[in-house]
Each structure stands twice: as structure tokens, then as C-alpha cells.
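Summary of structural features
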Amino acid sequence: MSNIPLVEMENISIAFGGIRAVDDASADLHAGEVVALLGHNGAGKSTLIKILSGAYKRDGGTIKVNGEEAVINNPRDAKAYGIETIYQTLALADNVDTAANLYLGREIMTPWGTLDDVAMEAKAREVMGRLNPRFQRFKDPVKALSGGQRQSVAIARAILFNARILIMDEPTAALGPQETAQVGELIHQLKSEGIGIFLISHDIHDVLHLADRVIVMKNGRVVGTARVGDVTEDEILGMIILGKCPPGAIPGPGAISGVVLG
Amino acid sequence: MSNTTAAQPAKRSLGDIDLRAVAPFVALAVLFVFGAMVNPNFLGLDNLTNVVTRSAFIAIIAIGATFVISAGGLDLSVGSMAAFVAGTMILFLNTGAVAGDSGMIAAAMCLALATGALCGLANGLITTLGRIEPFIVTLGTMGIFRALTIYLAEGGSIAMKSQELRAAYRPIYFGNVLGVPIPVIVILVVAILGAFILYRTRFGRHVMAVGSNEEVARYSGISVNRVRTLTYVIQGICVAIAVLVYVPRLGAATPTTGLLWELQAITAVVIGGTALRGGVGRIWGTICGALILELVGNIMVLSDMVSEYLIGAVQGAIIIIAMLIQRSLGRR
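Residues numbered from 1 in each chain as written. Chains lettered and ligands numbered in written order. Predicted model: local features only at pLDDT ≥ 70, side-chain atom pairs only at ≥ 80, totals over all residues. Heavy atoms only, no water.

**Considering the sheet that holds strand β4 (residues 60–65) of chain A**
All names here are of chain A. As a reminder, the rule being used: Should DSSP find at least two bridges between two strands, the strands are regarded as paired. Segments assigned H or I by DSSP are reported as helices when at least four residues long, segments assigned E as strands when at least two residues long, and all are numbered from the N terminus. We call two residues in contact when some of their heavy atoms are within 4.5 Å. Fitting a line to C-alpha atoms yields each axis, with helices limited to the stretch in contact; the angle taken between N-to-C directions then spans 0 to 180 degrees.
Spatial strand order, β2-β1-β4-β5: 4 strands in an open sheet with antiparallel pairing. Each end of this open sheet is capped by a strand with a single partner; those strands are β2 (19–29) and β5 (68–69). Sheet topology places strand β1 (residues 7–16) next to β2; 7 bridges connect them, and they run antiparallel. Across the sheet, residue Glu-8 finds its bridge partner in β2, namely Asp-28. Against the sheet, helix α1 (residues 45–52) engages β1, β2 and β4, with an angle of about 115 degrees to β1.

**Remarks on helix α14 (residues 261–271) of chain B**
Residue and element names in this part refer to chain B. Put simply, the rule is: The buried label goes to any residue with under 20% of its type's maximum accessible area, the exposed label to any with over 50%, and the partly exposed label to all in between, with areas taken from a 1.4 Å probe on protein chains only.
Taken across its 11 residues, α14 has 10 buried, putting it largely inside the fold. Buried within α14 are the following residues: Trp-261, Glu-262, Gln-264, Ala-265, Ile-266, Thr-267, Ala-268, Val-269, Val-270 and Ile-271. Just downstream of α14 lies Gly-273, where phi reads positive at about 100 degrees.

**Regarding the interface of chain B and chain A**
Inclusion rule: Put simply, a salt bridge is a Lys or Arg side-chain nitrogen that is within 4 Å of an Asp or Glu carboxyl oxygen. Nitrogen and oxygen atoms within 3.5 Å of one another constitute a polar contact, given that in protein one can donate a hydrogen and the other can accept it, and given that sequence-neighbouring residues count only through two side-chain atoms.
Of the residues lining the interface, 20 residues belong to chain B; the matching set on chain A comes to 22 residues. Between the two partners, chain B and chain A, sit 3 salt bridges. Here Glu-107 of chain A makes a salt bridge to Arg-202 of chain B, at a shortest N to O gap of 3.4 Å. Counting every contact that joins chain B to chain A gives 10 residue pairs in polar contact (both at pLDDT 80 or more).

**Details of the packing of aromatic side chains**
Residue and element names in this part refer to chain B. Note the threshold: Between rings of Phe, Tyr and Trp, where Trp is taken as its six-membered ring, a pair exists when centres lie within 6.5 Å; planes separated by under 30 degrees are stacked, by over 60 edge-to-face, and by other angles tilted. Note on geometry: a ring has a charge over it if NZ (lysine) or CZ (arginine) is within 6 Å of the ring centre and within 35 degrees of the ring normal.
In the structure shown here, the tally under the stated rule is 9 aromatic pairs over all chains. Each ring, one from Phe-32 and one from Phe-42, has its centre 6.0 Å from the other, and the planes form 65 degrees; the classification is edge-to-face. In this pair, Phe-32 sits in helix α2 (residues 19–38) while Phe-42 sits in the loop between α2 and α3 (45–54), placing the two residues 10 residues apart along the sequence. What makes Phe-42 buried here is its relative accessible area of 0%. Taking the centre distance of 5.3 Å and the plane angle of 80 degrees together, the rings of Phe-57 and Tyr-246 count as edge-to-face. Of the two residues, Phe-57 is situated in helix α4 (residues 56–70) and Tyr-246 in helix α13 (residues 224–250); the sequence distance between them amounts to 189 residues. Neither Phe-57 nor Tyr-246 differs from the other in exposure class; each is buried. Aromatic ring contacts, followed pair by pair, group Phe-57, Tyr-173, Phe-174, Tyr-246 and Trp-261 into a single cluster. Directly above the aromatic system of Phe-174 lies the positively charged group of Arg-170, at a separation of 4.1 Å from the ring centroid.

This is the structure:
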């Protein structure tokens, strides 16, 4: 793993009307690494990651991309740094086809200023062929696709524009077992290409087998960080539910002080 | 569907045809057959030309409504806006501010287009910047435009005074080119332009995206408010184009000008297969919907089955039935 992380979020804070949704949270991500961000609903994990994706503006803290401080004030800024987000609602424009979704907001135009659907579809076939070679339904509106197919379109959309940092919010929550496996394959594929991935979930079973490292949050604060091999599933659950940081993990500001699980 | 036992490949090819896209054209064909059975004069060239010509106002306005509705909006003010634009246009014509009949008419047309665009811009900006439901905004402007028209007309009607000007302007509604009435040509030109913008340009793609999923559009870097506002401006311009064709027909704007046009325009759009919740827009379906509305009225006049005074009721029923059909087709 390279020395300079792809992303370093340091001492990030944000408050909504007096409630500290994220409080002094730090997280980092290396190239080719999958980091699972875990915690209950309302633990602040989605809020933290929305700061990275530009959806929210932080009150305090710094974000570094490739070791350099990054200015991220809106989703467009984040995209400029190669940060792409795939939201848990499988955010696609339902009524248009795959190519149109991939290029939404960044359409390829012909010299006459009209949409170049042929070029967009050709590129869509190329990218989808890399991710999901069985995918053939390029002419259908994406609402006709299965959950797994939609997820691969959403991922393709993110990597099409050379995303290097991918944020996946509950990537498999809406999917069946087979499709979940398919997304797992996709994530391995992306890892091997050197893309760093943040997985967000409140269910550790969804993400644990995919992740290299976990960061657990509770009440807006980081309980601790651990390599997946260094802690047991029960210990991670203890972090999520009780805020107890096990010996195998590096404690964060949210860890209950003085309590160490035997 | 009846053929649930059909083989897998057959089922797929059936599913490939989008029933909602085809339905309006089937309905139009059925109406033709029905009309021919009711009255032998129905299929006459004169009658059909007349029907298409009369559908011009609603068809042109409905093309604009297709944009607004595709982007997830709604414009109830189009009828009142038409009356207001017609009223101001005629008042301007009566001033005789520009020398020469054709110059005067051209200037008035430009004024009408600008007025329509501004009215649409007002609807769009209030909706997007004010973050108010388009239903409420355009319900409000519907009242405002209507009242302004009545105010300008001092309770009566606004008529073109100059007979020469009337004569010079008359061909825009009553004239034809190679036998094709000018209003029909206007419908075609506006529809082709509309289809081009909606299907072939970046803006059109963004309209669909905004109507499909506003959040996704926003995260894709699309300026949702700008797209929404522009659809209302397009609607306003379409209303103005309809007015350009409407004014020479009667040469006057009255308090009843454009009454219930919003119902007819929205009905035409919905019959045409555009989804009222946004994200799907069908320009040619809309044209088909406008023709269906006019044909139903025409058949009612030609037959003695239902009093023609009930046309509004029938049109109201049609939009409800069209929604029911859309829903049942969407459920398959």
C-alpha cells in the first residue's frame, strides 16, 4: 500500500441546529483499499461521507486528496477530485436508458450540437463490458433493469469519468443474494484497478467480507479503526452497539475510555 | 393480459412494444372508424382539414405542456395566459405604432412572443426560486392573467379596430400553402422543433432527467432550476404561438378566450402518453392527443348521440379515463 493515502479526512465536524451529527471524525482510504464505514442509523457515517462527496459543507476539519488539501463545497468539486458517490437509493434517472444515465450532465455531443447517442452507447457498451459482460439491455430505460444491473450501471457511471475514490452507500441493501454476489465481484474488480472504496452500511454482514478495514462510528464520533483480520465480528458489533474499542483496533475519540474488552 | 400462456420469446417481443406509446395512435384510429360509421361526411377532406385546423391552438400549447410535464411540472395558467397575450397583442395592434400592415403585424407578433416568454418566465421563477408547488403557482397566475385580461378589456372584449389590418392578418388562420392550412403547418413546425429539442439536445435530455429523478439530476451537475424554468418559458412561447394563430380567427380577445384550454392541453399531453409525474415526454403522442380531443368534439357535433354542450364533460371524462388506462398499462 502506498504511503500517501488517497483520502484523509481529519477532525471533521458538522452540526445541524445544535446537534453535532459528526464530531471530530477522522478517516482515511488508500488506493485499492476497501474501507467499511459502520454504525447504527444516525451514527453519522452517511453525514461524514456526504461531506466528502460535497453534499454537505463541513463546519470544521480538513480533507486531503493525495496528500494535498482539497476544496470541496459541492458535488461538482468532489467529482473534480475523482470522488464519485453511489447512493443507497440506486440513484439513476429511471426513464432514460443506460447510456443516457452514464452520461447524464456530461453528454457527448455531435459537431452540430445534438446528442451523440451512438457514441454514448458505444462507450457505455465498453464500460459495461468491463464491469458486467453479461449486460445487454442498452436500449431499455433503467427502471426495467434488475437491482444488480442497476447497481452496475450506477457503478459504471461513477468509474466512467475516472473516479479514483468511490463511495457506496448501502450498496447491497436493495439486492437479492445473487445480485449481492455480483456487486461483490464488481468491488473486487474495482479494487484491482486501484480504486479506493468507502462502503457504508449499518449491517456488518453486508460489507465485512468485502472490506479490508472497518471504521466504526457512534453518536457522530469515531469509536475505532481496525483491519478486518485483527478483530472478530463480535468485537466489531461491540464497537457499533456499545462503543467499546477492542485491543486489535485503534481507538478514536468516540471510544468509551478505560474500557477494554478482554 | 389474455395471452399469459404465450411462449417466452413471443412474450418478450410483445413486451418490447411500449403500449403507452402506441395506445394514443390506436385510439385515434378507432375514433376514425367510429366517426366514419356515425356520419359519412366525417371522412370528407373538408371536415378532417377543419378538425386539424381547429386543433391547432390546443396542439401547440400542449407541445409546451409536454416540456413542463416531462420535467415534473404543471402549468394551469395557459388558457388565461393565452387570453392575456391575445389581449395585449390586439391592444398593441390598435395603437398603429408601426407603419405598414405587415410591419405592424410582425411587431405585434414579436411582442406577443416576448409577452408569452415573460409570463412563462414568471411561472418558472416563482416555482423554482420560491420553491412553491407548480400547481399553486400556476393556479395563482391563472387568476392573475385572466383578471388582467378582463381589466384591460374593461369587462368587455378587445377587438382589432383596423379592418385593413384584419384583412392582412386573416390568412394566418384561414390561408393555406399548397392546400395545407397555415395552422396545420404551424403545428408541424412547432412539433418538429419541439421533438428536436426534447429528443436530440442536451437540454431535452436534462428535462427528462429532472422529471425522472430530481436528486440524480442535481448530483449529475444539472442545474435543475434552470431546466425547470426554461420549460415554463417554452410553454409561454408555445402559448404565444397559439395566440398568433388564434387572433386572426376572431380578431378579438374576450373574457372567455382560452377558457378551459389548460384542461384540454393537459388532457392532450396525458392521452399522448407523457407521464404526469414527469420523466417521459412524447411530442407526437401529444399531437395525437390534441387531435383525439378535437375529433371527439367533431363526432359529437356530427352525431346526435350526445349534446355538443357536453363537450367539456366528455373531455373531462377522457383525461380521467386516460389516466386509468395509463395506470393499468404501467402495472403489467
